Structures are given as C-alpha cells and as structure tokens.
Amino acid sequence: QVQLKESGPGLVQPSQTLSLTCTVSGFSLTSYNVHWVRQPTGKGLEWMGVIWTGGSTDYNSALKSRLSISRDTSKSQVFLKMNSLQTEDIATYYCAREVPGKDYFDYWGQGVMVTVSS
Amino acid sequence: DIQMTQSPASLSASLGETVTIQCQASEDIYSGLAWYQQKPGKSPQLLIYGASSLQDGVPSRFSGSGSGTQYSLKISSMQTEDEGVYFCQQGLKYPLTFGSGTKLEIK
C-alpha cells in the first residue's frame, strides 16, 4: 500500500541546516509528484516545495533561498535540506503525494517534529 | 499569492447537527479547492477535491460546494469522529496555499 515516512533529526541548532528524508513505498517517484508541507504547532499549513516526476523542483518563494529538494529514485527517497534555521522554522514537516495532475494531496507521511534550539 | 480565508475559526456542534465551514479565496480559483480533516497528532486527510468530489473512503455525510471565490464544506450529520481541524487548500496556482483552519468540536 501507499506509504510515506519522514525521518531526520528532531533538534537542529540555530543557523544550522535541516536535513530530512521522505521514504515512500507503494508508488514510484517517477510517476507521482511529492511535496513538502510544514505546520508550526497549533497553526496552519505552509506549502514548501515540490519535486516533479521528471526530477525538477519548485519552491515557495518565501523559502526558496534556503530550501533544496532532491531525490534518489532507486531508493524511493525524497530529501529536504533547508539552511539557516531559526526559531520560526520550528514545525512538523510532512511529505505528501500529489493526486496526479490535481495539486492536492491524497497521502501524507506521519510528519516529523523539528525544534530549533542550542 | 492566493489568500484563503476560513470561517469560523472554531465551532461546536451537537451529534446529528449539520455543520458548514466556509472558505473564501482572494481570487477566482475555478473550483480548484480541496478540504482536509486533521485530528490531533495526525497528518491531514483529504476529504474533498475539485470543490465537490468526495475522496474514496470518505463518508457521504461530507460534501463540498462553491465556485469562484466562495466555497463550503458541509457535514450533514455531525458524528463524534468528525471532531478535528478542517483546512481548505487552493490548487490553482503556486504557491499552493491553505486556509487557517476551523476547529470543530462536539457540543
């Protein structure tokens, strides 16, 4: 069945780089776009970026200077890297599969909580 | 960016009551709207896409409607398992944007 699972450190020091991995199963990264969405605790959802089936990416302009999304199709993994982390980046980070061609998300990972603190 | 404004921010409903949540876009999104339900500690779950299409497996008491800039989600008979936070999301333009959420509780 379709699954997405985020992994990565739960604690990042200020000004350091966040590195997360989304491991997917039940579908191919060359057939489905995968997005990253984050949610500060108790708040709303913010779209961060997407890696398209062809491997190109698009980012939220608010994060574009700090954000990088890549993948390893052989391992069914999507990677998120974001540098210069600050306290406003404290959030749960989700990867999500896009409904083909529809820009909605039919499957989400369970999320990974990231705290920024020294 | 397209701004999504949800209302109300919170509401409580009795079992069996009909509930309606509103979502307004800052420009016409041509029915490019989805609704999600999020329960505490869980990831969002897709309920409605294309403004009115029910996602597979979602109970038929959920329905979506609207056009242009105004959309709504209706729960025809509130159940205890419907408690949670509901978000709308526009899928017309990037960056994809979400409403701020509506917290729904049992009265």
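The following paragraphs examine the structure supplied in this document. Here the structure is a predicted model, which means the values were calculated and not measured.

Moving on to the interface of chain A and chain B. Facing the 20 residues of chain A at the interface are 20 residues of chain B. Here chain A meets chain B over a buried area of about 1,600 Å², counting both sides, of which 64% is carbon and sulfur. Summed over the three residues of chain A that lose the most area to chain B, namely Leu45(A), Trp47(A) and Tyr104(A), the buried surface amounts to 40% of that side. The interface formed by chain A and chain B holds zero salt bridges in total. Where chain A meets chain B, there are nine residue pairs in polar contact (both at pLDDT 80 or more).

Assignment of secondary structure puts Tyr36(B) in strand E4 (residues 33-38). Sequence separation between Tyr36(B) and Gln89(B) is 53 residues; the distance between their C-alpha atoms is 8.0 Å. Those residues within four positions of Tyr36(B) in sequence are excluded, and the remaining contacts are Tyr104(A), Phe105(A), Trp108(A), Pro44(B), Gln45(B), Leu46(B), Leu47(B), Val85(B), Tyr86(B), Phe87(B), Gln89(B) and Phe98(B). A distance of 2.7 Å separates a polar atom in the side chain of Tyr36(B) from a polar atom in the side chain of Gln89(B).

To continue, consider the nonpolar core. Nonpolar side chains tend to gather and get buried jointly when the protein is soluble and globular. Residues Trp36(A) and Tyr93(A) are the most contacted members of the largest nonpolar core, which totals 26 residues. Of all the elements in the fold, those that place two or more residues in this core are strand E3 (18-25), strand E4 (34-39), strand E5 (46-51), strand E7 (67-72), strand E8 (77-82), strand E9 (91-98) and strand E11 (112-116) of chain A. In terms of residues, this core owes the most to one element, E3(A), which gives four residues. If you look at the next biggest cluster of nonpolar residues, it comprises 22 residues, including Met4(B), Ile48(B), Leu73(B) and Met78(B).

A separate point is the sheet that holds strand E1 (residues 3-7) of chain A. All names here are of chain A. Reading across from one edge, E1-E3-E8-E7 is the order of the four strands in this open sheet, with antiparallel pairing throughout. Taken across any chain shown, the strands that pair with only one partner, and hence form the sheet edges, are E1 and E7. Here the strands of the sheet are splayed against their neighbours by 20 degrees on average, with no regard to which way each runs. Pairing of E7 with E8, which is carried by six bridges, proceeds in the antiparallel orientation. Following the sheet pairing, Ser68 is matched in E8 by Lys81.

So, how was this worked out
- Chains are numbered independently. Their residues run from 1 in the order of the written sequence.
- Chains carry letters and ligands carry numbers; both start at the beginning, A for chains and 1 for ligands, and go up in the order they are written.
- Given that the model is predicted, a residue must reach a pLDDT of at least 70 before its local features are reported, and side-chain atom pairs must reach 80 or more before they are shown or counted; all residues, however, enter totals for whole chains, interfaces and linings.
- Side-chain figures throughout are based on the complete set of non-hydrogen atoms in the structure, without hydrogens or water.
- We call two residues in contact whenever any of their non-hydrogen atoms come within 4.5 Å of each other.
- By buried area we mean how much accessible surface two parts lose on assembly, using a 1.4 Å probe and totalling the loss over both.
- We count a salt bridge whenever a side-chain nitrogen from Lys or Arg sits within 4 Å of a carboxyl oxygen from Asp or Glu.
- Polar contacts, as used here, are pairs of N or O atoms within 3.5 Å; protein pairs need one atom able to donate a hydrogen and one able to accept it. Residues neighboring in sequence count only if both atoms are side-chain atoms.
- Each helix is a run of DSSP H or I of at least 4 residues and each strand a run of E of at least 2, with the numbering of both proceeding from the N terminus.
- Definition of nonpolar core: a set of buried residues of the types Ala, Val, Leu, Ile, Met, Phe, Trp, Tyr and Cys, connected through side-chain atoms within 4.5 Å.
- The rule is simple: take the accessible area with a 1.4 Å probe, protein chains only, and divide by the maximum for that residue type; under 20% is buried, over 50% is exposed, in between is partly exposed.
- By definition, two strands form a pair when at least two bridges between them are found by DSSP.
- Fitting a line to C-alpha atoms yields each axis, with helices limited to the stretch in contact; the angle taken between N-to-C directions then spans 0 to 180 degrees.

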